[in-house]
Amino acid sequence: MKDFKKNFASWKNQRITRRHALFAFGYSLVLSTTVFSCSNSPNNSQQQSASPASNVASSNTTANKVIRIVRSKQLTALAVLEEKGILAERLKPLGYRVEWPEFAAGPQQLEALNAGALDIASTAESPPVFSQAAGAPLVYLAANSSDGQAVSLLVPKNSPIQSVKDLKGKKVAFQKASIGHYLILRALEKEGLKLSDIESVGLAPPDANVAFSQGKVDAWFIWEPFVTRNVQNNTARVLTHGGNGLRDTNNFFSTNRKFYEENREVIKVVLEELQKAQNWAKNNPKELSQLLSGTTQLDPPTLEIMHKKYDFTLIPITEKIINKQQEVADKWYSLGLIPKKVNVRDGFLTPEQYAEITPQEVLAKQ
């Protein structure tokens, strides 16, 4: 564990907020989570909502086990599951209650995952690679759509910067080891530039948001809802986004090896309900926008526009996905940003194991 914290800290040359410091000083501390109310949906009348008094999704006294799934404050199926309390009701008969801890970004999620303070994470392609490079026993559970348009490179609204080439010598903020890190690399390489051609400013999203609003950085690669909030506030404009030929990878749901080995039945249920929530979210943009308006802090009409940026699709784990993830790992190693060469297959399951936990509807896409 000491080696893991030492290695991971070396990637995060960033100012740490008080909340993040809890993880840096001790992974064994109990995570404090935000009180979060869950509500019923008319489209899911058979499902009961979670208790509005706590982010612990079930008060059933027989639920003596806990599964901790990362809280999503974006337009995602995970947010749907929390808001409706669907997963809590499904897991209650198995003796589990659900908790939804919140993290700034993917790297922080995987710190907690490795420390046993989180059971299921939802990240882009790079955080798992950095985690594997640190020796964490990570397991890729499922792949998700890339949602490239939901990750954008912002510049101040009145900035003279008009293209990625104009970023040369400029300060660009992003969460290190995140999709923002990967996409700024891709954007620069597409224009014949390197990471060394810009001044990289590694900041977690909340800190980057402050730095960007105060004019301390020239650009910021970030995801929703930060993008839309800043554009609506007239503080930013989008220079480019992942959908402009930059995003060539998938998002992933992951866990640690111990949790996978001991909770396969629970994981299967989680993925089944996640797939149902994906389908509902894809087909009900208006209802989804109303449901998640409070979570995203955006009005429903805006969320309906944002809906087009998301695919809401679980993807079966295939050789193509594994090979692409290996390319990502090799790229970070070639740049000297991870301490050792990573064999990403160490974190992937066998086809037979994926068949046990993956919804049939998803497997049929292979």
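Because the structure is a prediction, the values reported are computed rather than measured.

**Concerning the confidence of the model for the protein**
In step 1: For the protein, per-residue confidence averages 87 on the pLDDT scale, and residues scoring 70 or more make up 83% of the total.
In step 2: Taken as a whole, residues 1-61 scores under 50 in pLDDT and shows 118 contacts with residues more than four places along the chain or in a different chain.

**Describing the pattern of salt bridges**
In step 1: A full pass over the atoms with the stated rule returns 21 salt bridges.
In step 2: The partner of arginine 264 in a salt bridge is glutamate 356, and the shortest N-O contact between them spans 3.6 Å. Of the two residues, arginine 264 sits in helix H11 (residues 264-283) while glutamate 356 sits in helix H16 (residues 351-357), which places them 92 residues apart along the sequence.
In step 3: What emerges from the salt-bridge pattern is a single network uniting Arg71, Lys73, Glu82 and Glu102.

**Quick word on the environment of isoleucine 317**
In step 1: When you line up the elements, isoleucine 317 lands in the loop between strand E11 (314-315) and helix H15 (319-334).
In step 2: Placed 46 residues apart in sequence, isoleucine 317 and leucine 363 show a C-alpha to C-alpha distance of 8.6 Å.
In step 3: Excluding residues within four positions of it along the chain, isoleucine 317 makes contact with Ala142, Ala143, Phe252, Ile322, Phe348, Tyr354 and Gln366.

**Quick look at the side chain of serine 293**
In step 1: You can see serine 293 is positioned in helix H13 (residues 293-296).
In step 2: With relative accessibility at 18%, the residue serine 293 sits in the buried group.
In step 3: Looking at serine 293, its side chain comes within polar contact range of the main-chain oxygen of leucine 298, at 2.6 Å.
In step 4: With sequence-adjacent residues up to four places away left out, serine 293 is seen in contact with Leu298, Asp299, Pro300 and Leu303.

**A look at the nonpolar core**
A general trend in soluble globular proteins is that nonpolar side chains are found buried together.
In step 1: Judged by nonpolar contacts, the single largest core of 109 residues is most densely connected at Ile67, Ile69, Leu153, Leu167, Ile184 and Phe221.
In step 2: Element by element, the count of residues in this core is highest for H11, at nine residues.
In step 3: Excluding residues that lie within four positions of it along the chain, phenylalanine 221 makes contacts with Val151, Ser152, Leu153, Ala173, Phe174, Gly180, Leu183, Ile184, Ala187 and Leu246.

**Notes on the sheet that holds strand E6 (residues 171-174)**
In step 1: Taken together, the five strands give an open sheet; going across it, the order is E7-E6-E8-E5-E9, and neighbouring strands pair in mixed fashion. Each end of this open sheet is capped by a strand with a single partner; those strands are strand E7 (199-202) and strand E9 (236-241). Put simply, the sheet's adjacent strands are angled 30° from each other on average, direction ignored.
In step 2: Pairing analysis gives five bridges linking strand E5 (residues 151-156) to E9, with the strands arranged antiparallel. Pairing of valine 155 across the sheet is with arginine 237, part of E9.
In step 3: Packing of helix H7 (residues 179-190) onto the sheet brings it into contact with E5, E6 and strand E8 (219-223), and relative to E8 it is tilted by some 125°.

**A closer look at the sheet that holds strand E4 (residues 138-144)**
Backbone hydrogen bonds are what pair the strands of a sheet, in a parallel or an antiparallel way.
In step 1: What the four strands build is an open sheet, ordered E3-E10-E4-E11; its pairing is antiparallel. The strands lining the two open edges of the sheet, one partner per strand, are strand E3 (121-123) and E11.
In step 2: Sheet topology note: the E4/strand E10 (residues 251-256) ladder contains six bridges and is antiparallel. In the strand pairing of E10, leucine 138 is matched with asparagine 256.
In step 3: Relative to the sheet, helix H6 (residues 126-133) contacts E3 and E4, its axis offset from that of E4 by approximately 170°.

Analysis parameters
- Residues numbered from 1 in each chain as written.
- Predicted model: local features only at pLDDT ≥ 70, side-chain atom pairs only at ≥ 80, totals over all residues.
- Heavy atoms only, no water.
- pLDDT = per-residue confidence, 0-100.
- Contact = heavy atoms within 4.5 Å.
- Salt bridge = Lys/Arg side-chain N within 4 Å of Asp/Glu carboxyl O.
- Helix = DSSP H or I, 4+ residues; strand = E, 2+ residues; numbered from the N terminus.
- Buried < 20%, exposed > 50% of the residue type's maximum accessible area, 1.4 Å probe, protein only.
- Polar contact = N/O pair within 3.5 Å; in protein donor to acceptor, adjacent residues only side chain to side chain.
- Core = buried A, V, L, I, M, F, W, Y, C linked by side-chain atoms within 4.5 Å.
- Pairing = 2+ DSSP bridges.
- Axes fitted to C-alpha atoms, helices over the stretch in contact; angles between N-to-C directions.

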